[in-house]
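Listed below, chain by chain, are the residues.
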Amino acid sequence: MKNLLISILAFFILALLALGIGLNHSLAYVLIVIVPYAAFAILLTGFVYRIIKWGSAPVPFRIPSTCGQGKSLPWIKTNPVENPSGAWGVIGRMAQEIFLFRSLFRNTDVAIVDERPVYGSAKWLWFCGLLFHWSFAIIVLRHLRFFVEPIAPWIGALSALDGFFEIGIPTLYLSDAAILVGLTFLFLRRVVVPQVRYISLFTDYFSLLLIAGVVTTGLLTRHFFPADLNAAKTLAMGWVTFSPVVPQGISLVFYMHLCFVFVLLVWFPASKLMHAGGIFLSPTRNLASNNRGKRHVNPWNAPVKVHTYEEYEDEFRDKMKASGLPVEKE
Amino acid sequence: MKKHQWGMIALGLVIFIIVVTFPFWYGKGKTSPPPQLSLDTPAIAQLKEKRCVEDTSFMRESHMKFLGTWRDGAIREGKRLHTARDGRVFEVSLSGTCLKCHSNKEQFCDRCHNYLGAKPSCFSCHNIPGEAKK
Amino acid sequence: MSFAKIPKPDQLIKIRYAPPETAWMDTSVDFRPGTWSYSGAAKNLTYLDLPNPRAWQPADEDWKLPDNWQAIILEGMKERLEKYRSFRLFMDVCVRCGACADKCHFYIGSGDPKNMPVLRAELLRSVYRRYFTTSGKRFGRLAGARDLTVDVLKEWFYYFYQCTECRRCSVFCPFGIDQAEITMMGRELLNLVGCNINWVIEPAANCFRTGNHLGIQPGGIKDMLEFMADDIEDRTGIRVNVPINKKGADILFVTPSGDYFADPGTFTCMGYLMLFHEIGLNYTFSTYASEGGNFGLFTSAEMVKRLNAKIYAEAKRLGVKWILGGECGHMWRVIHQYMGTMNGPADFLQEPVSPITGTRFENARSTKMVHITEFTADLIRNGKLKLDPQRNDHIRLTFHDSCNPARAMGLFEEPRYIIQKTCNHFFEMAGDTIREKTLCCGAGAGLGNDENMETRMRGGMPRAMAVKKVVERHDVNRLGCICAIDRATLTSLMDYWVPGVTVMGVHELLANALVMTGEKERTTDLRGEPLVGC
């Protein structure tokens, strides 16, 4: 509970700071010209650093979790993806994990009914998690229309698809609605379910709140406090071409949006959000279960003290002879 | 630790950096100036006061919502006249009012819309004066 | 068996899943009798050259730790963070989504939130953050970090010896975080300051000295196997050969020592003997490598290697072509995922080929060790065995997938194929409780001791209840498995939760059905129970 309150407090302090920066035009230069590059540099180097730090530890043993029939006798039907025996299977397995959250799809819940545990399907976490992550990705990709000129056709196509239903003016993007649903579910679940609240840390709440801040200010900018998009794109293109210019007359909400985004860029590599990179390195998922067929080499495999047969026979020779067991030395 | 395999990790990181820096290399660093909107039409040239229905910054930021209210008012309530904040009265008509001044859709509307990837659905119904004659 | 302090099943099943009022960092461990295991005896630690041998018990106030115990643990943690990507990654990458929480049989059975895999891992992660991350050093508890205190160490001990390393959580984790891996690291760290349990350390010490966990000396093994041969002769009229330490055999057979020590494992072992006799296999047991299981797995990677080394050493000494392994759970985790890496390459052996069918076991081409169910399924498939499944008509069977063959190998169809060919009445348990989602016996990873009985019964409850369901629906009376620990611990579990169900290995089932050349008419099964309907 304390973690929840502190993260809400931290989020509001951050929002107030953003508000202050938005109101105080003397800080506009810092926010527009210096902070974006710093934040982006931290994201890049931080991400790479974290991956290299994980990667610098070797994988001594081949420890995939097998979730299907392994490859053995030729007439036994194997599950080449859930229990991969080669590189293609691993690629398929990883793709399922990354794009479809395969493991989370297995989720069940349990309740004691009539003195017996009963397992129920619990796909909501999977569904809302997937909704959140995919819409987040789509939103980021859609934003590329501000960052490239001319706009690549696929970006336009993505936006058109996302705004397919043409609800309202400007069009409501489905991904915007979806991310709100996903975020709300993930946050409420953390707050309402006692077990999840019990395990939640500051970073768990704060990450969700921060992204919610980005999403909310973004949506406000689009639908309620419209910004001059021409100026917005000019600003973004200024960053991309290393010639940023402080735009005139940009709304307060838009400033807050920028502030939250920059904090997110910095927060990302420093926090649990790095699970985005970490999943690629997970040894229980990214290795083929062909251990007996192909030897895995442990780089630090060191000799150990063993109890040799000679020592064993020396201790038990008489008994072995008495039982008629063959011995090496009479 | 000579057996340590960096290949896949390095490949992954390279892909990550390429993807994340997409805007930087996609445009090849070329600076492209923001679109200049042309107000050079005969109708605008004749105006004494170069003023749209509302002031420029409002029109820039909110013309889409504004036109939306025009559309809804005209179609659903038959409101055919709009009184601007300064008291001037306009006929509620995209082709008749907006495009009368901004008769250069390609140099005015489209430039900005293309720059921002906005695809308004106005012209899927409304005809564009002049274009029909072509 | 001491059921004295354990609540009755109808009391035990009253489980509350609501977490306590106090935050988990402020809730200390209560060493309640029945929920923990006795400490490792000093003589066993000494025999294995393990640090800090002494007389102590977990319930003691003073654990007699070395003065610099914190430095030892932190140094050990640093070393393991550098040696294991799994450890380093799993310390960082968890998002606490909670998907693992209600997948752990110990959580389902106890409701103790620290038995959620996520929180069990946080016990270690909180210390990792405090000493190895900038945010943890700077922001402490706000970053989920806490100091390494004696209370924390006690908590580690309690909860890392309440995890059976079954890997069920890792199947459900979206990042594949494997609590077994974290528990292994936790136990390695505890071992550095001499905190371990006797049920693990004594078998390990025994195995190091005598070659098997139970400490059976060479003559004892021979006597036991001969005794089984007597029993087989009594049932079938056939005297089977019991080759031991035989040079020039084609195949070294290694099985967990539980199989030649106690019922019902002995019946499985009789099954092996009968099968090998019938097909005329040129094989041998070994007294030096008389253990397939490896309690080193519950101690440290180094201990795994020390104990496992005997199998290849003995295969080399006896000059066999390849190795065949019996029905065992964690033994197969070690063989499938560790043996080749640790003690290979086994280039002195040949690629395994069944001498009976000529089948090449390509999946074992490097480690050169074949699972007995792979071997037998191949025999049946090729029509090399004459089977009469009616002899198992008194058995109404369900099958428990053992954790390690399920989630570290994916060995699902081989045992089922044998069952289907040898048994007419086979009923699967519910889908959420078998195959990769199988539930643990609740007593693996060295927890199968009597003083820990309440935890075992709690942890085994979900499995037992799944059995109960098929008992009610299909009159099931027998629980099959391919694990020696299962055969021992599921028996107690069934007695407690589902009385009337007994436990058997798949090769006992096979041996009942196996029509042997020249056998007399069988009137009983291997257990001496009368046959019905034939």
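For clarity, every value in this text was computed on a predicted model and none was experimentally measured. Counting restarts for each chain: residues are numbered from 1 in the order of the written sequence. The order in which chains are written sets their letters, starting at A; the order in which ligands are written sets their numbers, starting at 1. Owing to the predicted nature of the model, reporting of local features is limited to residues with pLDDT of at least 70; listing and counting of side-chain atom pairs is limited to 80 or more, with chain, interface and lining totals taken over all residues.

Numbering of helices and strands starts at the N terminus; helices are DSSP runs of H or I of at least 4 residues and strands are runs of E of at least 2. Helix and strand content of chain B: six helices and two strands. N-terminal to C-terminal, the α/β element order of chain B is α-α-α-α-β-β-α-α. We compute the radius of gyration over the C-alpha atoms and compare it with the globule rule, which gives 2.2 Å times the number of residues raised to the power 0.38. Here the C-alpha radius of gyration of chain B, 23 Å, is well above what a compact globule of 134 residues would show, namely 14 Å. On the principal axes, the C-alpha backbone points of chain B span a range of 80 × 35 × 35 Å. Each residue is represented by a C-beta atom placed from its backbone, and any two residues with such atoms within 7 Å are regarded as in contact. Long-range contacts, defined here as pairs at least 24 residues apart, represent 57% of the contacts in chain B between residues at least 6 apart.

Of the residues lining the interface, 35 residues belong to chain A; the matching set on chain B comes to 32 residues. Mapped onto the side of chain A that touches chain B, the elements with two or more residues apiece are α2 (28-55), α6 (153-162) and α10 (229-240) of chain A. For the side of chain A that touches chain B, the element with the highest residue contribution is α10(A), accounting for six residues. Side-chain classes follow a simple rule in which Ala, Val, Leu, Ile, Met, Phe, Trp, Tyr, Cys and Pro form the nonpolar group, Asp, Glu, Lys and Arg form the charged group, and the remainder, Gly included, forms the polar group. Residue composition of the side of chain A that touches chain B, by class: 22 nonpolar, eight polar and five charged.

Looking now at the environment of A:I8. Residues and elements named next belong to chain A. Of note, I8 is situated in helix α1 (residues 2-23). In this scheme every C-beta is placed from the backbone, and a residue whose C-beta has 20 or more other C-beta atoms within 10 Å is buried, one with 12 or fewer is exposed, and one in between is partly exposed. C-beta crowding within 10 Å serves as the criterion here: with 14 such atoms nearby, I8 is assigned to the partly exposed category. Placed 194 residues apart in sequence, I8 and F202 show a C-alpha to C-alpha distance of 9.2 Å.

Turning our attention to helix α14 (residues 301-318) of chain C. Residue and element names in this part refer to chain C. Take the number of residues in a helix, subtract one, and multiply by 1.5 Å to get its expected span. Across its 18 residues, α14 extends 26 Å between first and last C-alpha, which sits within 8% of the 26 Å expected from 1.5 Å per residue. Most of α14 is tucked away, with 14 of its 18 residues classed as buried. Trailing α14 by a residue or two, G319 shows a phi angle of about 70 degrees, which is positive.

With that settled, the discussion passes to the pairing of strand β3 (residues 322-325) of chain C. Residues and elements named next belong to chain C. Burial along β3 is two-sided: W322 and L324 facing one way and I323 and G325 facing the other are all buried. At least two bridges found by DSSP between two strands is the condition for calling them paired. Two strands pair when backbone bridges link them, and β3 and strand β4 (residues 369-371) are joined in this way by three bridges, in the parallel orientation. Note that in β4 the partner of L324 across the bridge is V370. Following the backbone out of β3, through helix α15 (residues 330-343) and into the adjacent parallel β4, one traces a crossover that is right-handed. When the strands point away from the viewer and the path from the first strand over the helix to the second turns clockwise, the crossover is right-handed.

We now examine the nonpolar core. We call a set of buried Ala, Val, Leu, Ile, Met, Phe, Trp, Tyr and Cys residues a nonpolar core when their C-beta atoms link them within 7 Å. Counting residues in each nonpolar core, the largest one holds 200 residues, and the members touching the most others are C:A204, C:I251, C:L273, C:I323 and C:V467. Each of domain 1 (9-30 + 51-195) and domain 2 (204-513) of chain C accounts for three or more of the residues forming this core. What counts as a domain boundary in this text is fixed by an automatic or database domain assignment.

Among two pairs of chains with at least one contact, chains A and C form the most extensive contact set. One finds no contact linking chain B with chain C; the least C-alpha distance across the pair is 10 Å.

Attention now goes to the environment of C:E351. Residue and element names in this part refer to chain C. Structurally, E351 can be placed in the loop between α15 and β4. The class for E351 is partly exposed, based on 13 C-beta atoms found within 10 Å. Along the backbone, E351 and L385 are 34 residues apart, and their C-alpha atoms lie at a distance of 24 Å. Sequence-distant contacts of E351, defined by excluding residues within four places in its chain, comprise R360, R365 and K368.

Counting from both sides, the interface comprises 94 residues of chain C and, opposite them, 79 residues of chain A. Ranked by the residues each element gives to the side of chain C that touches chain A, the list is headed by α14(C), at seven residues. Among the residues making up the side of chain C that touches chain A, the classes are represented as 44 nonpolar, 20 polar and 30 charged.

Residues and elements named next belong to chain C. Helix axes are fitted only over the stretch in contact, all axes being lines through C-alpha atoms; the angle between N-to-C directions runs from 0 to 180 degrees. Close contact between helix α12 (residues 218-236) and helix α13 (residues 265-279) brings their axes to 10 Å; oriented N to C, the two are set at 75 degrees. In terms of orientation, α12 lies roughly perpendicular with respect to α13. On the side of α12, the interface is formed by M228, A229, D231 and I232, while α13 contributes T266, C269, M270, L273 and M274. Partitioning the contact of α12 with α13 into residue classes produces seven nonpolar, one polar and one charged. When describing relative orientation, an angle under 35 degrees is termed roughly parallel and one over 145 degrees roughly antiparallel, while 65 to 115 degrees is termed roughly perpendicular and anything else oblique.

Next up on the list: the sheet that holds strand β7 (residues 502-505) of chain C. Residues and elements named next belong to chain C. One open sheet accounts for three strands, arranged β5-β6-β7; its pairing is parallel. Looking at the sheet topology across the chains shown, the edges are occupied by β5 (397-399) and β7. This sheet shows a mean twist of 35 degrees between the axes of neighbouring strands, independent of strand direction. Where β5 meets strand β6 (residues 478-481), three bridges bridge the pair, whose relative direction is parallel. Note on β6: the bridge partner recorded for T398 is L479.

Turning to the packing of helix α9 (residues 202-223) of chain A against helix α11 (residues 252-270) of chain A, a few remarks are in order. All names here are of chain A. For the pair α9 and α11, interaxial distance at closest approach is 8 Å and the crossing angle is 150 degrees. As summarised for this structure, α9 and α11 are arranged roughly antiparallel, according to the angle between their axes. In this structure, the crossing between α9 and α11 has a hand that is left-handed. Taken together, the residues of α11 that come into contact with α9 (itself represented by L210, I211, G213, V214, T217, G218, L220 and T221) are V253, F254, M256, H257, F260, V261, V263, L264 and W267. Across the contact of α9 with α11, the residue classes tally to 12 nonpolar, five polar and no charged. With the far helix as reference, a near helix turned anticlockwise by less than a right angle produces a left-handed crossing, and one turned clockwise produces a right-handed crossing.

On to the sheet that holds strand β2 (residues 283-284) of chain C, then. All names here are of chain C. As summarised here, the arrangement of the four strands in space is β2-β1-β3-β4, forming an open sheet in which the pairing is parallel. Bordering the open sheet on either side are β2 and β4, each of which pairs with just one other strand. Sitting on the sheet, α14 is in contact with β1 (251-254), β2 and β3, with an inclination near 150 degrees to β1.

Moving on, we get to unusual backbone geometry. Peptide bonds are mostly trans, and most non-glycine residues show a negative phi. Residues and elements named next belong to chain C. Along the chain, D263 connects to P264 via a cis peptide bond; the corresponding omega equals 0 degrees. In this fold, P264 is placed in the loop between β1 and α13. Backbone geometry at N245 places phi at a positive 50 degrees, although glycine is not the residue there. Looking at where N245 falls in the secondary structure, it is placed in the loop between α12 and β1. Positive phi outside glycine occurs at K368, with the angle close to 65 degrees. Relative to the assigned elements, K368 resides in the loop between α15 and β4. Judged by local crowding, K368 falls into the buried class, with 25 C-beta atoms found within 10 Å.

Residue and element names in this part refer to chain C. Assigned domains within chain C: domain 1 (9-30 + 51-195) and domain 2 (204-513). Of the residues lining the interface, 19 residues belong to domain 1; the matching set on domain 2 comes to 24 residues. Going through the elements one at a time, α1 (9-12), α5 (105-110), α9 (168-172) and α10 (179-192) are the ones with two or more residues in the side of domain 1 that touches domain 2. Looking at the side of domain 1 that touches domain 2 element by element, the count peaks at five residues for α5.

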